[in-house]
Amino acid sequence: VEYMSNYNLINIIVEGMRINNGGATAQRLGCAVLWHLVPVAKPEKITSSNYTTAEIIDIVVNYSMICHLDDSSVQKYSLALLAKCVIADPDDRKSLKIIHEVNNWVILSMKVHPYEPYIMEDGCTVLLHLMKKKSKEKVVDMITTLKLEGVLVESLWEHRDSPPIVESIVAVLAEVAGHGLEEALCISSVRGIPAIVSAMMANINDVHIQRQGCLCLSYLSLHKELRASVGCAGGIYAIVDAMRFYPQIIGIQEHAISALVNLATIQYNAAMISLSDGIPIVEKAGNIYPDQCQNSAETILKLTEKANRSAGRRRPGLLHMKYRYSRFTTSLHDIFNQQRGSSRYRRGKTGQSSGQHKTHEHTRNQRRERFNLFDSLKQIFDDDETTVFQKSETDETDFH
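Criteria and thresholds
Residues numbered from 1 in each chain as written. Predicted model: local features only at pLDDT ≥ 70, side-chain atom pairs only at ≥ 80, totals over all residues. Heavy atoms only, no water. Helix = DSSP H or I, 4+ residues; strand = E, 2+ residues; numbered from the N terminus. Buried < 20%, exposed > 50% of the residue type's maximum accessible area, 1.4 Å probe, protein only. Areas by Shrake-Rupley, 256 points an atom, 1.4 Å probe, with all protein chains shown as cover. Expected span 1.5 Å × (residues − 1). Contact = heavy atoms within 4.5 Å. Phe/Tyr/Trp six-rings, centres within 6.5 Å; stacked < 30°, edge-to-face > 60°. Lys NZ or Arg CZ within 6 Å of the ring centre and 35° of its normal. Core = buried A, V, L, I, M, F, W, Y, C linked by side-chain atoms within 4.5 Å. Axes fitted to C-alpha atoms, helices over the stretch in contact; angles between N-to-C directions. Parallel < 35°, antiparallel > 145°, perpendicular 65-115°, else oblique. Left-handed = near helix turned anticlockwise from the far one by under 90°. Nonpolar A, V, L, I, M, F, W, Y, C, P; charged D, E, K, R; others polar.

Asker: Sorry if this is basic, but what is going on with the overall build of the protein here?
Answerer: The helix and strand inventory of the protein stands at 23 helices and zero strands. Sorting the 400 residues of the protein into buried and exposed places 49% on the buried side. Surface exposure of the protein reaches about 18700 Å², of which carbon and sulfur atoms provide 49%.

Okay, here's the thing in structure tokens:
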């Protein structure tokens, strides 16, 4: 760095990137060299160059990202440089203003290259730093407008065994989910809830992922339309496991208790807290952190006690089998939808030929046990006319 500063090579590299804007190699290598200079950045200038940080960011965006959107290597180094510029000097207003103006190109780069791990990680890092400033609403609106949440969920499934990428993606989803009901429904519509739960279970040893996952689920559980979906996706087990593994992390305990107190308003979820051995963990969190968790813990205990009393604990094994099935395969909504055709046929409401009868008879027999299991679970909660499933705007069937 000192050698390049003394011989004015930084200015030559930046000018070369400006002149050779059509050369992918020049842009890629230029961003790679500048990436190493960012950690020694000063508030206004990078070492002794004639270009400020804001001017270099402007060159990177206009000559590298926009001109070479389909080149993954150029996008990787460009986003890495932007991320390090933001981290090195987060209070540089000129740099942040330029990135705010071109955040759509950051999102487009992530959409074009959803399976590139470094692009997703650095892109999420840039978006997170932008959302920490005053323009969070603008960034979230841009994410939902360009439908980035679907790309984030798809990338989360693809890279769920890579903790740094998972942490960045879940953190962005948490910020989006906390913005309002419409954004939360967008995440749910692209099956983001199962992806978040799966990522938490696959990275139980990463405290940052567990904290962000509990925060995201707590935001999603604020809306009654999504509480049943979180429970059916295995969210109860994921939250209880996070509390069990990290009792000393107040952030995890607080977010987890906040999520459970909302989820427990659905009687099915309240019963799952008991079946997942969450009662002693909730009590422990209330005792260790009385100011943050005690009131919510008491509410959770009352709701779980009511759910157990209403169910009469007649079939706890059946209930547990049903939850394990919904956790590892599909949700209860999917199970019910799969059985609708066979149930109508069984009641004689469809006119099928004898050949069709023979074709579907084996499927009906194979699924009969699952369907009876669903009816038994539903009957447990029918005593006090509790709503087991909540209807959302995206559901085509109303479950009661």
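The discussion continues.
Asker: What am I meant to see in helix 17 (residues 250-263) here?
Answerer: Under the 1.5 Å per step criterion, the end-to-end length of helix 17 is 20 Å for 14 residues, consistent within 8% with the ideal 20 Å. For helix 17, the buried fraction is high: 10 of the 14 residues fall into the buried class.

Asker: Got a minute to help me understand the environment of Lys138 in this structure?
Answerer: Note that Lys138 resides in helix 9 (residues 136-145). Along the primary structure Lys138 and Asn103 are separated by 35 residues, whereas in three dimensions their C-alpha atoms are 9.8 Å apart.

Asker: When you look at the side chain of His159 in this model, what are you seeing that I'm missing?
Answerer: Take His159: it is sitting in the loop between helix 10 (148-158) and helix 11 (163-177). With residues up to four places along the chain from it excluded, the contact list for His159 reads Pro114, Tyr115, Glu116, Pro117, Ile165 and Val166.

Asker: Would you mind going over the environment of Lys76 with me for this structure?
Answerer: Considering the arrangement of structural elements, one finds Lys76 in helix 5 (residues 72-88). Assessed through its relative accessible area of 26%, Lys76 is described here as partly exposed. Along the chain, Lys76 and Met120 lie 44 residues apart, while their C-alpha atoms are 8.9 Å from each other. If we ignore the near neighbours within four places in the chain, the residues touching Lys76 are Tyr118, Ile119 and Asp122.

Asker: Which parts of the structure should I look at to understand unusual backbone geometry?
Answerer: In the Ramachandran plot, Lys147 falls in the positive-phi region, its phi being about 55° despite a non-glycine side chain. By secondary structure assignment, the location of Lys147 is in the loop between helix 9 and helix 10. Within the chain, Arg191 stands out as a residue other than glycine whose phi angle is a positive 60°. The topology assignment puts Arg191 in the loop between helix 12 (181-189) and helix 13 (192-202). Judged by relative accessible area, which is 46%, Arg191 ranks as partly exposed.

Asker: Looking at this structure, I do not really get the packing of aromatic side chains. What am I missing?
Answerer: In this description, an aromatic ring pair is defined by two values, namely the gap between the centres and the angle between the planes. Applying the stated criterion across every chain yields a total of one aromatic pair. An angle of 45° between the planes, with centres 6.5 Å apart, marks the rings of Phe245 and Tyr246 as tilted. One Lys or Arg, Lys84, reaches over the ring of Trp35 and ends 3.8 Å from the middle of that ring.

Asker: Hey, could you run me through the nonpolar core in this one?
Answerer: Side chains of nonpolar character tend, in soluble globular proteins, to be buried together. Core analysis: the biggest nonpolar cluster contains 99 residues, and Leu82, Leu127, Leu152, Leu156, Leu173 and Leu220 have the highest contact counts within it. Top element by residues in this core is helix 11. It accounts for 10 residues. The residues touching Leu156, leaving out its near neighbours within four places in the chain, are Val166, Ile169, Val170, Leu173, Ala195, Ile196 and Ala199.

Asker: Explanation requested: the packing of helix 10 against helix 11 in the structure shown.
Answerer: Helix-helix packing: each pair is described by the crossing angle between the helix axes and the interaxial distance. The interhelical angle for the contact between helix 10 and helix 11, taken along N-to-C directions, is 150°, at an axis separation of 10 Å. Between helix 10 and helix 11, the crossing angle belongs to the class labelled roughly antiparallel. Of the two possible hands of crossing, helix 10 and helix 11 adopt the one that is left-handed. Residue-level contacts link Leu152, Val153, Ser155 and Leu156 of helix 10 to Val166, Ile169, Val170, Val172 and Leu173 of helix 11. When grouped by side-chain class, the residues that make up the contact of helix 10 with helix 11 number eight nonpolar, one polar and no charged.

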